[in-house]
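Fold and contact review
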Amino acid sequence: MGKKGTIFIVSGPSGAGKSTILNEILKTFPNLVYSVSYTTRSPRSNERNGVHYHFISKDIFLEKITGGEWAEWAEVHGQFYGTLAGDLNRAIDTGLDVILDIDVKGAKQLKTSYPEAVLIFITPPSMEKLRERLIKRGTDTPEEIERRLINAQKEMSVIDKYHYVIINDRLDQAISELKRIIERYHADKKVGTSIRHPSCA
Ligand code: ADP
Ligand code: 5GP
């Protein structure tokens, strides 16, 4: 059998810029695919089923928990989100690298089942900037924004569990940093040192 693909797990507060950065990254690496998650939340106006998420009902989500179909799942901001084990294994078994945008609870679960996964945390430069970005994005109600900001504090508290931390202040720099991390694994599949998070064991 050929070499398995690498799993890149990206987490960070909602509004930190994960989707914006991942969209650019996916244009660069033909061997890298985005893991389309399943969620029970409603689609935003710009989101398409099967592209941004697979939008499913809560009943179907719960059935898949009972059936043990999730590689990881979590309740985030009052909705369910998950990654199907079948989808993920199919991709890495064919040698594709996979990048996931999942919350910190899901990342912890995946790290247990796929210990070789690379964990990357994307943070905003400040909570104030995060609030500005969520408001400017215009996809969430003021109540939802407050909920996301409270959750952000909790997510930031596990930042030291990640191999790499990228501060998304200047977008172009953040994109370059993520590119460098991915290139390193393409090159030799070894963890590098220059932009490794100092607190990473
Ligand atoms: P996430 O996927 O982490 O929830 P998004 O990618 O949707 O975040 O980004 C949230 C908002 O912030 C979007 O409107 C995006 O255009 C904007 N944004 C992302 N990165 C930056 C940046 N470096 N500087 C300013 N605005 C940014
Ligand atoms: P949003 O509703 O803004 O698209 O995503 C909210 C949060 O859910 C983000 O932190 C995102 O990383 C997380 N998320 C998206 N998909 C998944 C998934 O499949 N599993 C888990 N655990 N979290 C997810």
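Report follows, based on the coordinates.

The rules we used
- Residues numbered from 1 in each chain as written.
- Chains lettered and ligands numbered in written order.
- Predicted model: local features only at pLDDT ≥ 70, side-chain atom pairs only at ≥ 80, totals over all residues.
- Heavy atoms only, no water.
- Near = heavy atom within 4 Å.
- Polar contact = N/O pair within 3.5 Å; in protein donor to acceptor, adjacent residues only side chain to side chain.
- Areas by Shrake-Rupley, 256 points an atom, 1.4 Å probe, with all protein chains shown as cover.
- Helix = DSSP H or I, 4+ residues; strand = E, 2+ residues; numbered from the N terminus.
- Buried < 20%, exposed > 50% of the residue type's maximum accessible area, 1.4 Å probe, protein only.
- Pairing = 2+ DSSP bridges.
- Nonpolar A, V, L, I, M, F, W, Y, C, P; charged D, E, K, R; others polar.
- Axes fitted to C-alpha atoms, helices over the stretch in contact; angles between N-to-C directions.
- Contact = heavy atoms within 4.5 Å.

1. Observations concerning the site of ligand 2
Surrounding ligand 2, one finds 18 residues, the nearest of these being Ser37, Tyr53, Tyr81, Asp101 and Asp103. Within the side chain of serine 37, a nitrogen or oxygen atom sits 2.7 Å from an oxygen atom of ligand 2. Arginine 148 places a polar side-chain atom, nitrogen or oxygen, 2.7 Å from an oxygen atom of ligand 2. When ligand 2 sits alone it has 510 Å² of accessible area, and the protein chains cover 96% of it. Mapped onto the shell around ligand 2, the elements with two or more residues apiece are strand S5 (70–76) and strand S6 (79–84).

2. Let's talk about the pairing of strand S1 (residues 7–11)
Among the five residues in S1, five count as buried, and that is most of the element. Of the two faces of S1, the one holding Ile7, Ile9 and Ser11 and the one holding Phe8 and Val10 are both buried throughout. Bridging between S1 and strand S7 (residues 97–101) involves four bridges; their strand directions are parallel. Of the residues in S7, the one forming a bridge with isoleucine 9 is leucine 100. For S1 and strand S8 (residues 118–123), the ladder comprises four bridges, and the chain directions are parallel. Bridge pairing in S8 places serine 11 opposite phenylalanine 121.

3. A look at the site of ligand 1
What surrounds ligand 1 is a group of 13 residues, the closest being Gly15, Lys18, Ser19, Thr20 and Arg137. At 2.8 Å, a side-chain N or O of arginine 137 approaches an oxygen atom of ligand 1. Expressed as a share of its isolated accessible area of 570 Å², the protein-covered part of ligand 1 is 77%. Elements supplying a minimum of two residues to the shell around ligand 1: helix H1 (18–28) and helix H5 (127–137). At three residues, the largest contribution of residues to the shell around ligand 1 is made by H1. The residue inventory of the shell around ligand 1, partitioned by class, reads three nonpolar, six polar and four charged.

4. Considerations on the sheet that holds S7
Within a sheet, neighbouring strands are paired by backbone hydrogen bonds and run either parallel or antiparallel to one another. Strand order in the open sheet made by the five strands is S2-S7-S1-S8-S9, with parallel pairing throughout. Each edge of the open sheet carries a strand with a single partner, namely strand S2 (32–34) and strand S9 (164–167). The sheet shows a mean angle of 25° between the axes of neighbouring strands, direction not considered. Inspection of the sheet shows S8 paired to S9 by four bridges, in the parallel sense. Looking at S9, one finds that isoleucine 120 is bridged to tyrosine 164. Across the sheet, helix H3 (residues 85–93) is in contact with S1, S2 and S7; its angle to S7 comes to roughly 150°. Packed onto the sheet, helix H4 (residues 104–113) meets S1, S7 and S8 and runs at close to 155° relative to S1.

5. A look at the side chain of arginine 148
Assignment of secondary structure puts arginine 148 in helix H6 (residues 142–156). Since its relative accessible area comes to 6%, arginine 148 is described here as buried. Only 2.7 Å separates the side chain of arginine 148 from the side chain of serine 14, close enough to count as a polar contact. Within the structure, the side chain of arginine 148 is placed 2.8 Å from the side chain of glutamate 144, a separation counted as a polar contact.

6. Overview of the sheet that holds strand S3 (residues 38–39)
With mixed pairing, the four strands of this open sheet are ordered in space as S4-S3-S6-S5. The open sheet has two edge strands, strand S4 (54–55) and S5, and neither has a second partner. Lying on the sheet, H3 is in contact with S3, S5 and S6; it crosses S6 at an angle near 35°.

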